[in-house]
Amino acid sequence: MRKRDARLIFILVAGALVALAATLILFALRDSVVYFYAPSELAQKAKAGERVRIGGLVAAGSVSRDGAGHLLFTVTDGANDIPVSYDGQPPDLFREGQGIVAEGRYAPGARFAADTLLAKHDETYMPREVAEALKARGEWKGGAP
Amino acid sequence: MIAEFGAFLAAVALIASLAQGALGIYAREDARRAAAAKACAEIASVAMAGAFILLITLFVRSDFTVAVVFNNSHTDKPLIYKIAGAWGNHEGSMLLWCLVSAMFGLAMAHAHGNMSRGLWTRALGVQGWVSAGALIYTLVLSNPFARLDPAPFQGQSLNPLLQDPALALHPPMLYLGYVGLSAPFSLALAALIEGKVDEAWARALRPWTLAAWTCLTFGITLGSYWAYYELGWGGWWFWDPVENASFMPWLAATALVHSAIVTERRGSLAGWTILLAIIGFSLALLGTFLVRSGVLTSVHAFAVDPRRGVAVLVLIALAAGSGLTLYGLRAPMLQRATGFTAISREGLLVLNNLGLAVAAGVVLVGTLYPLAVEAVTGRLISVGPPFFNLAFAPFVGAVLLAMPLAPLLAWRRGDPKQALRPLWVAAGVAAATFVLVLIFGRKAWAAIGIGVGAWLVMGVASYLWVRWGRGGKRTLGRFFALPLAVWALTLAHLGAGVFVIGALTETNFRTERAFELNPGQTVAFANRRVTLLEVVDVRGPNYRAARANFRIEGVQARALSAERRVYDAGGAPTTEVGIAPSLTSDLYIALGEPSRGANAGAWIVRLYHNPAVHLIFGGAALIGLGGFVGLAALARRKRTALAPEAAPAQP
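Residues numbered from 1 in each chain as written. Chains lettered and ligands numbered in written order. Predicted model: local features only at pLDDT ≥ 70, side-chain atom pairs only at ≥ 80, totals over all residues.

Once that is clear, we can look at the overall build of chain B. Across its full length, chain B holds 21 helices and ten strands. For chain B, the C-alpha radius of gyration of 26 Å lies close to 26 Å, the compact-globule estimate for 651 residues. For chain B, the proportion of its 651 residues judged to be buried stands at 55%. Residue pairs in contact within chain B that sit at least 24 positions apart in sequence constitute 75% of those at least 6 positions apart. (Helix = DSSP H or I, 4+ residues; strand = E, 2+ residues; numbered from the N terminus. Rg over C-alpha atoms; globule rule 2.2 N^0.38 Å. Buried ≥ 20, exposed ≤ 12 C-beta atoms within 10 Å, placed from the backbone. Contact = placed C-beta atoms within 7 Å.)

We now examine the overall build of chain A. For chain A, the helix and strand inventory stands at three helices and seven strands. Sequence separation of at least 24 residues holds for 53% of the intrachain contacts in chain A that already meet a minimum separation of 6.

What follows covers the environment of L42(A). Residues and elements named next belong to chain A. You can see L42 is positioned in helix α2 (residues 39-45). Taking the number of C-beta atoms within 10 Å as the measure of exposure, L42 has 18 and is therefore partly exposed. Linking L42 and D66, residues 24 residues apart in sequence, is a C-alpha distance of 24 Å. L42 has contacts with Y37, I54, I82 and Y106, leaving out every residue within four places of it along the chain.

Turning to the sheet that holds strand β9 (residues 585-594) of chain B, a few remarks are in order. Residue and element names in this part refer to chain B. The sheet built from four strands is open, its strands ordered β2-β10-β9-β8 with antiparallel pairing. Single-partner strands in this sheet number two, and they are β2 (511-517) and β8 (578-581). Pairs of neighbouring strands in the sheet enclose a mean axial angle of 20°, with direction left out of account. Looking at chain direction, β8 and β9 are connected through four bridges and run antiparallel. Pairing of I579 across the sheet is with Y588, part of β9. (Pairing = 2+ DSSP bridges. Axes fitted to C-alpha atoms, helices over the stretch in contact; angles between N-to-C directions.)

Now for the confidence of the model for chain A. Residue and element names in this part refer to chain A. On average, residues of chain A carry a pLDDT of 75, and 76% of them reach 70 or more. The lowest-confidence element of chain A is helix α3 (residues 128-136), averaging 60 in pLDDT; the highest-confidence one is strand β5 (residues 81-86), averaging 89. In this model, residues 121-125 is a region of pLDDT below 50 whose contacts with residues beyond four sequence positions or in other chains number ten contacts. (pLDDT = per-residue confidence, 0-100.)

This brings us to the sheet that holds strand β4 (residues 528-539) of chain B. All names here are of chain B. What the five strands build is an open sheet, ordered β3-β4-β5-β6-β7; its pairing is antiparallel. Both outer strands of the open sheet, β3 (522-525) and β7 (574-576), are each paired with one neighbouring strand and no more. Strand-to-strand twist across the sheet, computed as the mean angle between neighbouring axes with direction ignored, equals 30°.

Residue and element names in this part refer to chain B. It is at 8 Å that the axes of helix α8 (residues 182-194) and helix α9 (residues 199-230) come closest, and there the two elements cross at 155°. As far as their axial angle goes, α9 and α8 are roughly antiparallel. Where α8 crosses over α9, the handedness of that crossing is left-handed. Here A183, P184, L187 and A191 of α8 come into contact with α9, specifically with W201, A204, L205, W208, T209 and A212. Per-class residue counts for the contact of α8 with α9 are nine nonpolar, one polar and no charged. (Parallel < 35°, antiparallel > 145°, perpendicular 65-115°, else oblique. Left-handed = near helix turned anticlockwise from the far one by under 90°. Nonpolar A, V, L, I, M, F, W, Y, C, P; charged D, E, K, R; others polar.)

Residues and elements named next belong to chain B. On average, chain B scores 87 in pLDDT, and the residues at 70 or more come to 93%. Taken element by element, chain B is modelled with least confidence in strand β1 (residues 381-383), mean pLDDT 78, and with most confidence in helix α20 (residues 484-509), mean pLDDT 95. In this model residues 297-304 is a low-confidence stretch, pLDDT under 50, and it forms 28 contacts with partners more than four residues away in sequence or in other chains. Scored below 50 in pLDDT, residues 642-651 makes nine contacts in the model with residues more than four places away or belonging to other chains. Reported for the predicted complex are a pTM of 0.87 and an ipTM of 0.70.

To continue, consider the nonpolar core. Residue and element names in this part refer to chain B. Residues A13, A51, L187, L251, A252 and V362 are the most contacted members of the largest nonpolar core, which totals 194 residues. At 17 residues, α9 tops the list of elements feeding residues into this core. Not counting residues up to four positions away in its chain, the partners in contact with A13 are A44, A47, M48, A51, A102 and L135. (Core = buried A, V, L, I, M, F, W, Y, C linked by C-beta atoms within 7 Å.)

Let us now look at the domain arrangement of chain B. Residues and elements named next belong to chain B. Split into domains, chain B comes out as domain 1 (1-163), domain 2 (167-402), domain 3 (408-509 + 617-624 + 641-646) and domain 4 (511-614). A C-alpha centroid distance of 25 Å is found between domain 2 and domain 3. When residues of the side of domain 2 that touches domain 3 are traced back to their parent elements, those giving at least two are α9, α13 (345-377) and α15 (393-402). Counting residues per element, the side of domain 2 that touches domain 3 draws most heavily on α9, which supplies five residues. By residue class, the composition of the side of domain 2 that touches domain 3 is seven nonpolar, six polar and three charged. (Domains from an automatic or database assignment.)

Our next topic: helix α2 (residues 31-60) of chain B. Residues spaced three or four apart along an α-helix point in a common direction, a consequence of the helix completing one turn every 3.6 residues. Given a rise of 1.5 Å per residue, 30 residues ought to cover 44 Å, and the 44 Å separating the end C-alpha atoms of α2(B) matches this to within 8%. Just downstream of α2(B) lies S62(B), where phi reads positive at about 50°. (Expected span 1.5 Å × (residues − 1).)

Now for the packing of helix α18 (residues 444-469) of chain B against α20(B). Residues and elements named next belong to chain B. In contact at an axis separation of 8 Å, α18 and α20 are set at 165° when each is read in the N-to-C sense. Comparing their axes, α20 and α18 come out roughly antiparallel. For the pair α18 and α20, the sense of crossing is left-handed. Side by side, α18 and α20 meet where A446, G449, I450, V452, G453, A454, L456, V457, V460, Y463, L464 and R467 of the first sit next to V486, T490, H493, L494, A496, G497, V498, V500, I501, L504, T505 and N508 of the second. Along the lines of polarity and charge, the residues of the contact of α18 with α20 split into 16 nonpolar, seven polar and one charged.

Moving on, we get to unusual backbone geometry. All names here are of chain B. With phi around 50°, W239 is a residue other than glycine that occupies positive phi space. Positionally, W239 belongs in the loop between α9 and α10 (241-266). According to the C-beta neighbour criterion, W239 is partly exposed, with 18 such atoms within 10 Å. The backbone phi angle of L269 is positive, close to 65°, even though this residue is not glycine. Examined against the element boundaries, L269 turns out to sit in the loop between α10 and α11 (270-293).

Next up on the list: the pairing of strand β4 (residues 71-76) of chain A. Residues and elements named next belong to chain A. Within β4, five of the six residues are buried, which leaves it mostly tucked inside the rest of the structure. One ladder, built from two bridges, connects strand β2 (residues 51-58) with β4; its direction is antiparallel. Within β4, the residue paired with L57 across the bridge is T76. Where strand β3 (residues 64-65) lies against β4, two bridges are found, and the strand directions are antiparallel. Considered in β4, the bridge of S64 is made with L72. Between the end of β3 and the start of β4, which pair antiparallel, lie five residues, with G69 showing a positive phi angle near 90°. Bridge count between β4 and β5: six bridges; the pairing is antiparallel. Paired with L71 across the bridge in β5 is Y86.

Structure follows, in structure tokens:
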């Protein structure tokens, strides 16, 4: 094969792969992107059945377990509260009064059933979304996140 | 005094690196300037080693007048974690970055093969600039030797999650890989500045690339293993941005390892190899940026101030910008190609490279897209596993499908019929595996993935069979006399197959369940009966723990315990999981919190059954081992090259 032909094939194959990747990326992004809401925004902005993340502080005194072993607690941003249930063991750093991000499917009117919980990873880190939401509500007490 | 002397040594290393950079670039054929650049590399590495040893000394002595020691250490901590604390934080890890970069400079100064002096000194010079950039950043924006005034009495301790043997080794390994990619980068830039490549250059590129890639492989494996047994979530990979940060350079380095073989053996693809070297190091810098700047929403990320992020971005722009500009100007001069057809070993290696590069691009988009959306629209979003399953898997799948074929094809012009003939057994086993998993597992994607894994494992066995039979009878003696390079390929490709089987089996067939257990209570889980015997309070060197003792009966019979620890230095409780490995799976127990209210006295216990999880880490370790054997093969080849009469024929 001549060098020019080889280069042409290379460019065609590479172009096809990149086009395929771009298509898949756009397709996958449309379906699997998860938006983040503060408790005050959830009811107005989220669509029923949408996968969302909510973030805020775990309200003091709100953590309990129901009969089936689900963890029950309330996420608050100071203005609004969202009751949440989670089937499983919370992360090590899950505590009342701490920042938390919960991910699950939004069902209007029902308790938010989270399938993933993210707590801050160490003593000085808070999920950025939580920090932003709390700052927006004027609840922020720490330094720069 | 120790801290001030450490900062002084780091400053000496900076000046030596700057001199190394200037002398190396302008030395050309001047032997005296080249020798001076070499001496600078030696001074820089010795000074950096001294600075790093002094930092470790500060940690061992628990000198809380130093900010970084106060923030990350504690007098109660076991000695090994005091030492590991030196690099278990931002400032110390950046100093480690500089140390590794200086050490690579030293190694490059001494191991230059028969490269022309112009290429060699310029590579050394570029390496000097890399070290200097990292040192300026470290000394100005994250000085590990900064003092505290007034000095506190006790330190804040290393995050207890990080007090772990795997994690003591994980950052140095990963940094060896990240910074190791600076060596191919320096060689690539030297080639572009010189406007030529030679055989010795292509030969020198391979060990550096392979060494960096091997370290990255082990580093990522250790991190994943740590996440599995320490975080208590039962998982080993989360497509978390911090994981992607190390995975992108790994993908680029994997492509580079393969294209460097073509460049060395066949002389072609030099331009592409150089481009990959630039991309690989830029992605390694991007990884440092993502982890260290705090831009990510991540369970891993550390919080830091934004100046650091901007500074690392400037460094990335300098490295990638200068590299790509030079590439645009000089790459057309580098063609010394020998032609090849699409169906040849080169052809399939190009396919491998394209697939891996596109896969790295997909991971890059998935990692950066949330940041871009937030910057433009202010909305906060996250991109999770479904994205990567859909957009990443097809490209890696295509690379894996072609993998057994490539080593069986001849260079230049392959005969596909002849190459496919030994693979019909592998194809049959793969098809049978696919059907069996489909019938018994009832999951199409799992069946496809595990079938591909079987194709890889059998494919590499076929390759070994063919190589063994080449040029003589298959005797035991000839089997053990196979060249190391054959074993390197065999181990790495076998590891890929084993990993794919493990990863697909684990993610598709794992089970997990939470129970609320009273002491004495028994539950049935995954063909086992698990009894919580008792929960006792225990005292460790620097923590208190509730330890739950379990009895397991059924397909496994043994005792197992899991802990929930609270470290004396403070912080939230951490889980220490209990893992009962069997031949085929792990039973994994994480102890939760005590129950409240009506069920007081009971404990939340989470049980996981993770089939084939050993294959995941075992496969990844095999891949790394393949890299290690490959390094040995290159080292041996170098020795035999010096004694030509003893040189065996290369495969």
